[in-house]
Amino acid sequence: MGGSMGVMETERELSVYESMAARFDVAARKLNLDGGIYHYLRKPNREIIVHIPVIMDNGKLEVFDGFRVQHSIARGPCKGGVRYGPNVSLDEIRGLAAEMTWKCAVVNIPFGGAKGGIICDPEKLSVQELERITRRYTAEILDYIGPERDVPAPDMNTNEQTMAWIMDTYSMHVRHTVTASVTGKPIDLGGSRGRREATGRGCMIVTDQALKRFGRDRASTRVIVQGFGNVGSQAARLMHEAGYKIIGVTDIHGGLINTNGLDIPKLLEHVRSGGVVPDFSGGEKIDNVEILEQDCEVLLPAATESQITSRNAARIKARILTEGANSPTTAPADDILFDRGVFVIPDILSNAGGVTVSYFEWVQDRQGYFWPEGMVNERLKHIMVQSFNDVVAYGEKHNVNNRIAAYMLAIDRVCLTLKMRGIYA
Ligand code: NAD
């Protein structure tokens, strides 16, 4: 990577959990959090590690490591995604589980936080192998999940099909169909209309609010999206339809840029038919690290964690950073962005559209009564706008940046429930 070596660049970058903890510490200090509560909330309630035996297609037995970390049930059942990937680690899942607690509190929905993951390489696994891994993982954590306990959802490399397998495995064990045991299911299995687009839609709603603050319009706003999966592709599609100019998109294979705006519907078609982003003919190829540093008004990282670090934060040119991914920015990068006046819409606010519609899905499943898509989108917008305003107002009141404001608001809300419930010690 180019650029000069500064003091910060020689520092070790923080891991996902360390970044979460560093932000938690700042917020806790500002809130004057009680010492005991501080220690209680800094660590998860429960960490489950499972070793999953799976018969592979070649008849051989392999063992995969999986995790489910439950950070807090103070405000309701745990909620959080399950991700698959070769680099999944307990540290990462631990950090993301805590972030789920804060995220659910920021949007004020009645859930605590959890996260799960399996160390595996989905690109090298057949559909049958993925199904067997998913089912055995579900069976191993079965006693700890369920609509009242902990409700999984899709995340990186998992999707509606994965959720259908988890729901079916759970239901087979408890001997009746429990649709509310997961969210992000196919609509025909009790999924919610609007869930597929919800995270991307939420990103657009908060970006709209930021534009309002700066008196900008969508048509003159250039956007670069990193990641073209569940979140990135839907955010790009919806923002393109709404009039934003999407000038750059990237996936794990590389990036693509066109300063006149990319044809997003055609790019989506290209990817749906098996193509990768950089091979699309409508723009110029660009390295997927360099693309983050290109001229634009909005940068929307929607791929993976630790993409904006102390090494590249000073070269980010966007004025608004809408964090579609979880933890795309490390804690040391926060300060650099803040000093440079970048308006950061932190992940626990900007990508909370997914968990918000997951909450709607859980409510609909438990009622057995399903809402029209317009109602889902309307209620999502209401919550996202309200939460954006809450976070920005909290930041202004306490003179802190949006990230710390979101953490403070969330910790405050969790502490309120703890205070009312009391600690069963
Ligand atoms: P996904 O697996 O559907 O998509 C990930 C995309 O990122 C793919 O296009 C992949 O090629 C790309 N990618 C991966 N590494 C990359 C890299 N280094 N550079 C450029 N592109 C890269 O995953 P997703 O569900 O869209 O999740 C993306 C992020 O959003 C994750 O951080 C996830 O935790 C977060 N998130 C997802 C949801 C949801 O509803 N799915 C909700 C909230 C947050």
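About the thresholds
- Residues numbered from 1 in each chain as written.
- Predicted model: local features only at pLDDT ≥ 70, side-chain atom pairs only at ≥ 80, totals over all residues.
- Heavy atoms only, no water.
- Pairing = 2+ DSSP bridges.
- Helix = DSSP H or I, 4+ residues; strand = E, 2+ residues; numbered from the N terminus.
- Axes fitted to C-alpha atoms, helices over the stretch in contact; angles between N-to-C directions.
- Near = heavy atom within 4 Å.
- Polar contact = N/O pair within 3.5 Å; in protein donor to acceptor, adjacent residues only side chain to side chain.
- Areas by Shrake-Rupley, 256 points an atom, 1.4 Å probe, with all protein chains shown as cover.
- Domains from an automatic or database assignment.

**Focus: the sheet that holds strand 11 (residues 320–322)**
Strand order in the open sheet formed by seven strands is 9-8-7-6-10-11-12, and the pairing between neighbours is mixed. Two strands bound the open sheet, and with one partner strand each, they are strand 9 (284–286) and strand 12 (343–345). Neighbour-to-neighbour, the strand axes of the sheet open up by a mean angle of 20°, direction not taken into account. Strand direction decides the pairing type here: strand 7 (residues 245–251) and strand 8 (residues 254–257), joined by four bridges, are antiparallel. Bridged to T250 within strand 8 is G255.

**Here we look at the site of the ligand**
In the vicinity of the ligand, 23 residues are found, and the nearest of them are D155, T199, N230, V231 and N326. Here an oxygen atom of the ligand and a side-chain polar atom of R195 are 3.3 Å apart. F228 places a polar main-chain atom, nitrogen or oxygen, 2.9 Å from an oxygen atom of the ligand. When the ligand is considered free in solution it has 830 Å² of accessible area, and contact with the protein chains removes 86% of it. Elements with a contribution of two residues or more to the shell around the ligand: helix 6 (195–214), helix 7 (230–242) and strand 7. When residues of the shell around the ligand are sorted by domain, at least three fall in each of domain 1 (7–26 + 47–190) and domain 2 (196–350).

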